[in-house]
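Architecture at a glance
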Amino acid sequence: MILKFFNSENSDSDRRTNKPIEPMNKILQKPRLSFWQIWNMSFGFLGIQFGFALQTGYASRILQTFGADVGNLSLFWLAAPLTGMIIQPIIGHYSDRTWNRLGRRRPYFLTGALLSGLALCFLPNSSGLAFLIPPIIVGAGMLMLMDASFNVAMEPFRALVADNLPDSQHTAGFSMQTCLIGVGAIMGSVLPSVLTNWFHVTSVAPKGIVPNNLLYSFYAGGLILIGCIVWTVVKTKEYPPEEYAKFHEPDVEVVKRSGIREFLHDLWNMPKTMKQLGLVQFFSWFALFSMWVWTTPAIATHVYHLPSNDTASVAFNKASSWVGIMFGVYNGVSALYALSLPWIVKKLNRKKTHAFSLTMGGIGLISVFFIQDHYLLLLPMVGIGLAWGSILAMPYAILSSSIPPKKIGVYMGLFNFFITFPQIVSSLTSSLIIKNLFNSEAIYGLVMGGVFMFIAAMMVFFVQDGKKIQIIEATN
């Protein structure tokens, strides 16, 4: 059976002559994949997000343990988005042009997994090099290496969905990734608490030392990340170049350019939809970055009423562990929500779905300011989970329908600019804002994030998402 598709506005015949015509955009359609094929293709994201959840949930705590001042905390996160901004477009550019025994995208996310696993093991052990280098410097370096490695692994996964799935399954593919991201994030977020409460692993350590529950969690994160990536590498096939070419129209442009000239050309000529999504991504990821940086000190001071310089007491460790539970909840909500996104998009559309989700995230972030009972803090995580689930799926579903198929890797990498740039801006400005305008009260970092999430929701309506609904025709 050969599957072909064309836009619904086309006709199978010329109505004036009643003769069959060949639509200009009629091309071979990729075979639809089964649920388990999509699952295996996306499974590596579970491991990536397991490690990423440990980073976002506990890196601030580890850096504070090594001596980072809460007023300058966001500056230590600056290296992470900088590395992502540089690395992801490069990885995307070269993965578009790679083919070896492992395939096109798989060599990159396998390499990224190995490096990420090593960084996860070294970050909480930074104090071991204190006799040579201050642990805060080592910790910041490991945070940079970890984020760089995550970036090497992450974006080829996005491109893999667009490579292997037909357009009609893009939303389902990115939703599956988001679901597994949520599952991995839950595991990573709650593991330190599970080790303490179920296995009695200590959560308290001398000043300047990372407690064992975090230490063992980061070790487990490294192993799980590598294992999940290897599963995807073994279980997923990629189309060889000659077969991949059958599913796409030949390139119109034949001008040969050097690597940097081609990169700059692609950057200058990015699709209009991608630019519009960039504004949405800026405000969304500024909000997310604010949440990751400020939640632990905000909950410790605003809800547990601890002094801002307390980073070692039992109460501080309880507050930090509860933040892990909170993050686990929003990731759990995002996993469930992701499974419903294809159905919601059919009832509404991609733009309305994303705008609604971001609005709920804004409400969730701002409502933390009004809560004093730590159990009630789980309620805002529902709204944040809806926003997170949509942020990880909908922009990529919209983007994948607007970019040239043979430049998926580079444009997915360039799209990461709209994720890393707001994090850089937040790193450079949010500490100054919180310190000078709000007397270093971290809770206002979350309020600021909520406001930015509302702005992102409004910007969604200016995005051009004009992909036609396609009719899939089966011919024998």
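Residues numbered from 1 in each chain as written. Predicted model: local features only at pLDDT ≥ 70, side-chain atom pairs only at ≥ 80, totals over all residues. Heavy atoms only, no water.

**Structural notes on the overall build of the protein**
So the rule is basically this: The helix count covers DSSP runs of H or I at least four residues long, the strand count covers runs of E at least two residues long, and both are numbered beginning at the N terminus. Accessibility here uses a 1.4 Å probe with only protein chains present; expressed as a share of the type maximum, an area under 20% marks a residue as buried, one over 50% as exposed, and anything in between as partly exposed. We call two residues in contact when some of their heavy atoms are within 4.5 Å.
The secondary structure content of the protein amounts to 18 helices and five strands. Split into buried and exposed, the 476 residues of the protein put 57% on the buried side. For the protein, contacts bridging at least 24 residues in sequence account for 82% of all contacts bridging at least 6.

**A few points about the packing of helix α17 (residues 417–437) against helix α18 (residues 443–460)**
Note the threshold: Inter-axis angles, ranging from 0 to 180 degrees, are taken between N-to-C directions of lines fitted to C-alpha atoms, where helices are fitted over the stretch in contact. For classification purposes, angles smaller than 35 degrees are called roughly parallel, those larger than 145 roughly antiparallel, those between 65 and 115 roughly perpendicular, and all remaining angles oblique. The handedness criterion is simple: a crossing whose near helix is rotated anticlockwise from the far helix by less than a right angle is left-handed, and one whose near helix is rotated clockwise is right-handed. Note that Gly is not counted as nonpolar here; it falls among the polar residues with everything else outside the nonpolar set of Ala, Val, Leu, Ile, Met, Phe, Trp, Tyr, Cys and Pro and the charged set of Asp, Glu, Lys and Arg.
Contact pair α17 / α18: the axes reach a minimum separation of 9 Å and the direction vectors enclose 125°. The angle between α17 and α18 places the two elements in the oblique class. When the axes of α17 and α18 are compared, the crossing they make is right-handed. Residues Ser430, Ile433 and Ile434 of α17 touch α18, and the partners they reach there are Tyr444, Gly445 and Met448. Class assignment of the residues belonging to the contact of α17 with α18 gives a composition of four nonpolar, two polar and no charged.

**Observations concerning the nonpolar core**
The cut-off we apply is this: Side-chain atoms within 4.5 Å are what join buried Ala, Val, Leu, Ile, Met, Phe, Trp, Tyr and Cys residues into a set we call a nonpolar core.
Membership of the largest hydrophobic core comes to 114 residues, with the highest contact counts inside it found for Phe218, Met291 and Trp292. For this core, the element with the most residues is helix α11 (residues 272–303), which contributes 17 residues. Residues contacting Trp292, with those up to four places away along its chain left out, are Phe52, Thr56, Ser60, Trp285, Phe327, Tyr330 and Trp388.

**Quick look at empty space enclosed by the protein**
What counts here: A 1.4 Å probe that fits but cannot get out identifies a cavity on a 1 Å grid over protein atoms alone, an open set with protein on both sides within 12 Å along at least five of seven lines counts as a pocket, and a residue lines either if it has an atom within 4 Å of a point. Grid points are joined across faces, edges and corners, and a volume is the space filled by probe spheres set on the points.
Following the criterion strictly, the structure yields five cavities of 30 Å³ or more and no others. Taken together, 26 residues line the largest cavity, and the ones lying closest to its centre are Phe52, Met154, Trp285, Ile419 and Gln423. The set of elements that each furnish at least two residues to the lining of the largest cavity consists of α2 (44–65), α4 (79–95), α6 (135–164), α11 and α17. Broken down by element, the lining of the largest cavity gets its largest block of residues, six residues, from α6. Of the residues belonging to the lining of the largest cavity, the class tally is 15 nonpolar, eight polar and three charged. Its boundaries defined by the atoms lining it, the second largest cavity holds a volume of some 90 Å³. Lining the second largest cavity are 13 residues, with Thr65, Ala205, Ile209, Thr311 and Ala312 sitting closest to its centre. For the lining of the second largest cavity, the per-class residue count stands at six nonpolar, five polar and two charged.

**Looking at the confidence of the model for the protein**
Reading fine detail from the predicted coordinates is not recommended where pLDDT is low. Operational definition: Per-residue confidence from the prediction method is given by pLDDT, with values spanning 0 to 100.
When pLDDT is averaged along the protein, the result is 81; 84% of the residues meet or exceed 70. In the predicted structure, residues 1–25 sits below a pLDDT of 50 and forms 56 contacts with residues beyond four places in sequence or in another chain. Low pLDDT, under 50, characterises residues 468–476; the stretch is placed with 29 contacts to residues that sit more than four places away or in other chains.

**Regarding the pattern of salt bridges**
Selection rule: Salt bridge criterion: a side-chain nitrogen from Lys or Arg within 4 Å of a carboxyl oxygen from Asp or Glu.
Enumeration according to the criterion identifies four salt bridges in this entry. In this structure, the salt-bridge partner of Arg105 is Asp163, at a minimum N-O distance of 2.6 Å. Taken together, the residues Arg105 in the loop between α4 and α5 (106–122) and Asp163 in helix α6 connect sequence positions 58 residues apart. Of the residues examined, Asp163 reaches a relative accessible area of 2% and is grouped as buried. Here the residues in one salt-bridge network are Arg104, Arg105 and Asp163, joined through shared partners.

**Some details on unusual backbone geometry**
The backbone phi angle of His200 is positive, close to 60°, even though this residue is not glycine. Relative to the helices and strands, His200 resides in the loop between α7 (170–199) and α8 (212–235). In this structure, Ser440 takes a positive phi of about 60° despite not being glycine. Mapped onto the fold, Ser440 is located in the loop between α17 and α18.

**Some points on the packing of aromatic side chains**
Spelled out, the test is: Two aromatic rings from Phe, Tyr or Trp, using only the six-membered ring of Trp, form a pair when their centres are within 6.5 Å; if the ring planes differ by under 30 degrees the pair is stacked, by over 60 it is edge-to-face, and anything between is tilted.
Taken as a whole, this structure holds 26 aromatic pairs when the rule is applied. Taken together, a centroid distance of 5.4 Å and an interplanar angle of 80° make the contact between Trp322 and Tyr375 edge-to-face. Of the two residues, Trp322 sits in helix α12 (residues 314–347) while Tyr375 sits in the loop between α13 (350–367) and α14 (378–391), which places them 53 residues apart along the sequence. Residue classification places Trp322 among the buried residues on the basis of a relative accessible area of 15%. Each residue in the set Phe174, Phe282, Phe283, Phe286, Tyr396, Phe415, Phe417, Phe418, Phe421 and Phe452 is aromatic and connected to the rest through ring pairs, giving one cluster.

**Overview of the environment of Asn213**
The criterion, for reference: Here a polar contact is taken to be a pair of N or O atoms separated by no more than 3.5 Å, where protein atoms must pair a possible hydrogen donor with a possible acceptor and residues adjacent in sequence count only if both atoms sit in side chains.
Assignment of secondary structure puts Asn213 in helix α8. Residues Asn213 and Leu195 lie 18 residues apart in sequence; the distance between their C-alpha atoms is 5.9 Å. Every residue in contact with Asn213, bar those within four places of it in the chain, is listed here: Pro192, Leu195, Thr196, Val201, Thr202 and Ser203. Here Thr196 takes part through its side chain, which lies 3.2 Å from a polar atom of the side chain of Asn213.

**Regarding α2**
Applicable threshold: What a helix is expected to span follows from its residue count: subtract one and scale by 1.5 Å. The bend reported for a residue corresponds to the angle between axes fitted to the seven residues ending at that residue and the seven starting there.
Over its 22 residues, α2 extends 31 Å from the first C-alpha to the last, a length consistent with the 32 Å expected when each residue adds 1.5 Å. Tyr58 marks the point of greatest bend in α2, at about 50°. Burial analysis of α2 places 22 of its 22 residues in the buried class, which makes it a mostly covered element. Positive backbone phi, approximately 115°, marks Gly67, located one or two places after α2.

**Some thoughts on a nonpolar patch on the surface**
Rules: Each patch is assembled from residues with relative accessible area greater than 30% and no salt bridge, linking like charges that lie within 9 Å and nonpolar side chains (Val, Leu, Ile, Met, Phe, Trp, Tyr) that lie within 5 Å. To be clear on the numbers: accessible area is Shrake-Rupley with a 1.4 Å probe, and residue cover counts the displayed protein chains and nothing else.
Together, Ile86, Ile90 and Tyr94 line one region of the surface with nonpolar side chains, adding up to about 310 Å² of accessible area. Inspection of the secondary structure puts Tyr94 in helix α4.

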